[in-house]
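# An overview of the molecular structure
Letter by letter, the chains look like this.
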Amino acid sequence: MVTAAAFNEVFDEVVAGPLVAVGAWQQGRRVFYADGSLMVALLRVEHRWIPPAELQLAVRHRLLRTMDDEEPTKPPTNPSEYPIRLRPSEADSLLSPRWRYSPVVGHGTPTDSIGYPEMTADQCRVVLKPIGTKLAEVVPQLSG
C-alpha cells in the first residue's frame, strides 16, 4: 500500500511534471499556470493530508478581484477564489463549444478522489497519468 510520501512522488512525476513542462509551476502540493488574463490552479483539497487525495482544477480570470478585494498578482491558493472548478479528469470539457458555466456553491465541489492508501504505486500511476497528460494538453489551450 502507498504512503503519502510515495503518492506525492508519483503525483510529482506524472501530474505536476507534465504541467511544469508546459509552463506551470509547482508550489507544495499545488500546481499553478498563468498566461495573459487567465489563472489556473490544480489544487489538492485534502483535509490536513488525510487520505483520500482530492484533486480539483480551478480557473479564473486575472481581472477578478480576490475575496480581499485586491487584484491578484499570482494565482490564489483558496479554491473559493476560482469561479470555475471541476474535476481534473474533465478538463477537456472546458474546450468544448458546448461548455457552459455552472456555479459551484458550498462544499459540494467536484474533485477527482484518489484513495491512495489502498493502492500500490503502480495503481496510483495508472490513475494519475491520464490526468497529468490531459492537463498538460488542455491547460495551455485555455488561454488561446
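This text follows the structure it describes.
A few points on the structure. In this text, all values refer to a predicted model and were calculated from it rather than measured experimentally.

Turning our eyes to something else, we now look at the pairing of strand E3 (residues 38-44). Successive side chains on a regular strand alternate, one facing one side of the sheet and the next facing the other. The buried fraction of E3 amounts to seven of the seven residues, a majority that puts the element mostly inside the structure. Of the two faces of E3, the one holding Leu38, Val40, Leu42 and Arg44 and the one holding Met39, Ala41 and Leu43 are both buried throughout. One ladder, built from five bridges, connects strand E2 (residues 30-35) with E3; its direction is antiparallel. Looking at E3, one finds that Asp35 is bridged to Leu38. In this structure, the hairpin formed by E2 and E3 is closed by a connection of two residues, where Gly36 is found at a positive phi of approximately 60 degrees. Note that E3 and strand E4 (residues 53-61) share seven bridges and pair antiparallel. Paired with Met39 across the two strands is Arg60, which belongs to E4.

With that settled, consider the pattern of salt bridges. All chains considered together, the criterion is met by eight salt bridges. The salt bridge involving Asp92 is made with Lys134; its shortest N-O contact spans 3.7 Å. Placement of Asp92 in the loop between strand E5 (84-86) and strand E6 (112-114) and of Lys134 in helix H2 (residues 121-142) is noted, with a sequence separation of 42 residues between them. When its relative accessible area of 39% is taken as the criterion, Asp92 is described as partly exposed. Look at Lys134 and you get partly exposed, because its relative accessible area is 23%.

Cut-offs applied
- Along each chain, numbering runs from 1 in the same order as the chain's sequence is written.
- Where local features are concerned, this predicted model is filtered to residues with pLDDT of at least 70; where side-chain atom pairs are given and counted, the filter is 80 or more; whole-chain, interface and lining totals use all residues.
- Water and hydrogen atoms play no part in the side-chain values, which are based on all heavy atoms of the structure.
- To sort residues, take the accessible area from a 1.4 Å probe on protein chains only and compare it with the maximum for the residue type: under 20% means buried, over 50% means exposed, and anything in between is partly exposed.
- Starting at the N terminus, helices and strands are each numbered in turn, a helix being any DSSP run of H or I of at least four residues and a strand any DSSP run of E of at least two.
- Strand pairing follows a simple DSSP-based rule, namely that at least 2 bridges must link the two strands.
- For this document, the term salt bridge refers to a Lys or Arg side-chain nitrogen within 4 Å of an Asp or Glu carboxyl oxygen.

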